[in-house]
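# Working through the structure, step by step
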Amino acid sequence: MEKAVTELKPPLEVQIRELRVKLEGREILKGVSLSAKPGAVTAVMGPSGSGKSTLLKTINRLIEYYPGVEVEGDVVVGGVSAFEMDPYLLRRYVAMVFQTPNPFPHLTIYDNVALGPRIHGLAKSKKELDEIVRWALEKAMLWDEVKDRLNDYPSKLSGGQQQRLSLARALALRPPVLLLDEPTANIDPVNTKKIEEAIIGLAREEGTTVLIVTHTPQQAARISDYIAVLYEGRLVEWGPTKEVVLRPRHEITRAYLKGEI
Amino acid sequence: MYKRRIMKDRLFTLAVSVLGLLALAPLFHIIYTVTVRGVPAILEAGPSFFTEPPAPPGSERLGGIAPALLGSFWLALISTMLGIPLAFLVGLFLYEFKESRLARLVRVFTMSLLEIPTILVGMLVYTIVVIPLGGFSVAAGAIALAIVMLPYVATYVERALDSVPATYREAALGLGLSRARTSLIIAGIARRGVLAGFLIGFAKAIGETAPLLFTVGSARNSLNPSPFEPGDAVPLLVFQFIATPYENWIKLAWGAAFVLTVTVLTVFIALRVVVREVRL
């Protein structure tokens, strides 16, 4: 039963407890425990198929739309179990950016960013909504490039700009927790740098709890405070970034960081 | 060896092209015949073709097909107003609850509706609408047409929604949108495909004859503007007049067939344009 949780007080720590996830009988996560602190960036790494995306999608419960899903264990957000919350409310606090830039093509730049706040009733007036949209676009490092053409459609933007627009759309909810699933995998270096700066800024200035799936050890070293390494559905390493990069405890981490697996 | 392969390739290409043209031949034949016989009939009748009821059988004059045009207008309007919103919701449901038992049942049901001879739909509406209401009406015909178009539009809508990449769905759900709002976002992204489905439904409604046989009442001389009275429809007039021995009615049937062909072709050309412009 979902309890009547209607509000969470940021900052929100994310605690993953003995999480097991099966998809159509196949065990993807085999008991993962991990926590992500407010104001810090936690990089989730690991080879393809190690369960990184599944982990992220379990935190905001998107995984529940996949066929044949079974979840055991718990995800606790700000002291409340995610599974006891209304999932739509949960996603107001836990926003997500995906690997493919996916701004809605039929909505203008403005409407893309304004959609979340409108649905959740976060703005009381047009002026307030304008301010949220501007704030989100600034935080996503996109405002200067689009401020004169907010009524254009996203198709007029480059791929990297579209990804920053996707980030702004998520940020418009002012989420205390932000999930990023390889957000720069398909993005050029200049845009990657902007997105990385935006992520660091969110953690430092807004106290956002950031979990980012990344494939590049360099990116993890640049932006993360903690690294968690998944391998075949298990957490094999978890610690402050410097320690993990300089003195990996586990053989798998070493091989992974060298690009051998 | 090499030459033989080229020969084979050419032969095959030739065969496929000839067969392709053969498949198109009936379409061109229809357009040609309907134009050659329909246009002179309309010219002979003059403007009254569009403003008058048919002249009496065997008369020197042609008269017109005004009641049929009026009836077809009502039929198209009412059947799309009933059928398209319902079909849209069915399509949304099938997309949203794709794997559920109820969705599978609904899918089987719509698919069988697609296969049922449309004259049976006409008979169904005769029993459940015409008899209880005590008489034929254009509205009863529109209900039959709405049922006929339902599976086409619903299937088209479902396919259009399916063609939207899953990442948009996750983005919408990830923002905390409800499933209903999410599927409306997806419908917005797929709006051209959805519109194509609506046009298919419209074209179906305009061209069908069989569902009207037991429903609208073939009131060929009535210019009564109420859709709740018996009326006529263009394809019905074609079907019934072409089988009479009266030369003036046969001419009217050809003229009406031309009007019908032009309308349906226009819708399908519009459809091609809409579908070609689908971009994400």
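Okay, so let's go over this structure. As the structure is a computational prediction, the values presented were derived from the model and not from experiment.

Turning next to the overall build of chain B. Within chain B, the secondary structure is distributed over 10 helices and zero strands. The order of α-helices and β-strands along chain B, N terminus first, is α-α-α-α-α-α-α-α-α-α. Sequence-distant contacts in chain B: of pairs separated by 6 or more residues, those separated by 24 or more amount to 71%. Per element, the accessible surface of chain B, about 14800 Å² overall, is 71% carbon and sulfur. Computing the positive centroid from 23 side-chain charges and the negative centroid from 15, chain B places the two 13 Å apart.

To continue, consider the overall build of chain A. Counting secondary structure elements, chain A contains 10 helices and 10 strands. On C-alpha atoms alone, chain A measures out to a radius of gyration of 18 Å, which is about the 18 Å that the 2.2 N^0.38 rule sets for 261 residues. Within chain A, the fraction of its 261 residues that count as buried is 54%. In chain A, of all internal contacts separated by at least 6 residues, the share reaching a separation of at least 24 is 68%.

So, about the packing of aromatic side chains. Following the criterion strictly, the structure yields nine aromatic pairs over all chains and no others. Measuring from ring centre to ring centre gives 6.5 Å for phenylalanine 104 of chain A and tyrosine 168 of chain B, while their planes differ by 40°; the resulting arrangement is tilted. A residue pair is termed interchain when its members come from two chains, as with phenylalanine 104 of chain A in the loop between strand E6 (94-97) and helix H3 (109-119) and tyrosine 168 of chain B in helix H6 (residues 166-174). We classify phenylalanine 104 of chain A as buried; its relative accessible area is 0%. For tyrosine 168 of chain B, a relative accessible area of 10% translates into the label buried.

So, about a nonpolar patch on the surface. Residue and element names in this part refer to chain B. Among the surface-exposed residues, Ile116, Ile119, Leu120, Met123, Tyr126, Ile131, Phe136 and Phe214 lie close enough to one another that they form a single nonpolar patch of about 650 Å² accessible area. Take phenylalanine 214: it is sitting in the loop between helix H8 (191-207) and helix H9 (234-241). Residue class for phenylalanine 214 comes out partly exposed when judged on its relative accessible area of 30%.

All names here are of chain A. Helix length check: helix H7 (residues 189-206), at 18 residues, gives a terminal C-alpha distance of 25 Å against a target of 26 Å (1.5 Å per residue), a fit within 8%. By the burial criterion, the buried members of H7 are Asn191, Thr192, Ile195, Glu196, Ala198, Ile199, Gly201, Leu202 and Ala203. Packed against the buried residues of H7 are strand E3 (41-45), helix H4 (126-139), helix H6 (159-171), strand E7 (177-181), strand E8 (209-213) and helix H8 (217-223). Two or three places before valine 190, at the opening of H7, aspartate 188 has a side-chain oxygen 3.1 Å from that residue's backbone nitrogen. Glycine 207, located one to two residues past H7, shows a positive phi value of around 70°.

This paragraph deals with the pairing of strand E10 (residues 234-240) of chain A. Residues and elements named next belong to chain A. Sheet analysis places strand E9 (residues 226-231) next to E10, joined by six bridges and oriented antiparallel. In the sheet register, leucine 230 faces E10, and the bridge partner there is leucine 235. Here E9 hands over to E10 after two residues, with glutamate 232 in that stretch at a positive phi of 50°.

What counts and how
Residues numbered from 1 in each chain as written. Chains lettered and ligands numbered in written order. Predicted model: local features only at pLDDT ≥ 70, side-chain atom pairs only at ≥ 80, totals over all residues. Heavy atoms only, no water. Helix = DSSP H or I, 4+ residues; strand = E, 2+ residues; numbered from the N terminus. Contact = heavy atoms within 4.5 Å. Areas by Shrake-Rupley, 256 points an atom, 1.4 Å probe, with all protein chains shown as cover. Lys, Arg positive; Asp, Glu negative; His and termini not counted. Charge placed at Lys NZ, Arg CZ, Asp CG, Glu CD. Rg over C-alpha atoms; globule rule 2.2 N^0.38 Å. Buried < 20%, exposed > 50% of the residue type's maximum accessible area, 1.4 Å probe, protein only. Phe/Tyr/Trp six-rings, centres within 6.5 Å; stacked < 30°, edge-to-face > 60°. Patch = residues over 30% accessible without salt bridge, like charges linked within 9 Å, V, L, I, M, F, W, Y side chains within 5 Å. Salt bridge = Lys/Arg side-chain N within 4 Å of Asp/Glu carboxyl O. Expected span 1.5 Å × (residues − 1). Polar contact = N/O pair within 3.5 Å; in protein donor to acceptor, adjacent residues only side chain to side chain. Pairing = 2+ DSSP bridges.

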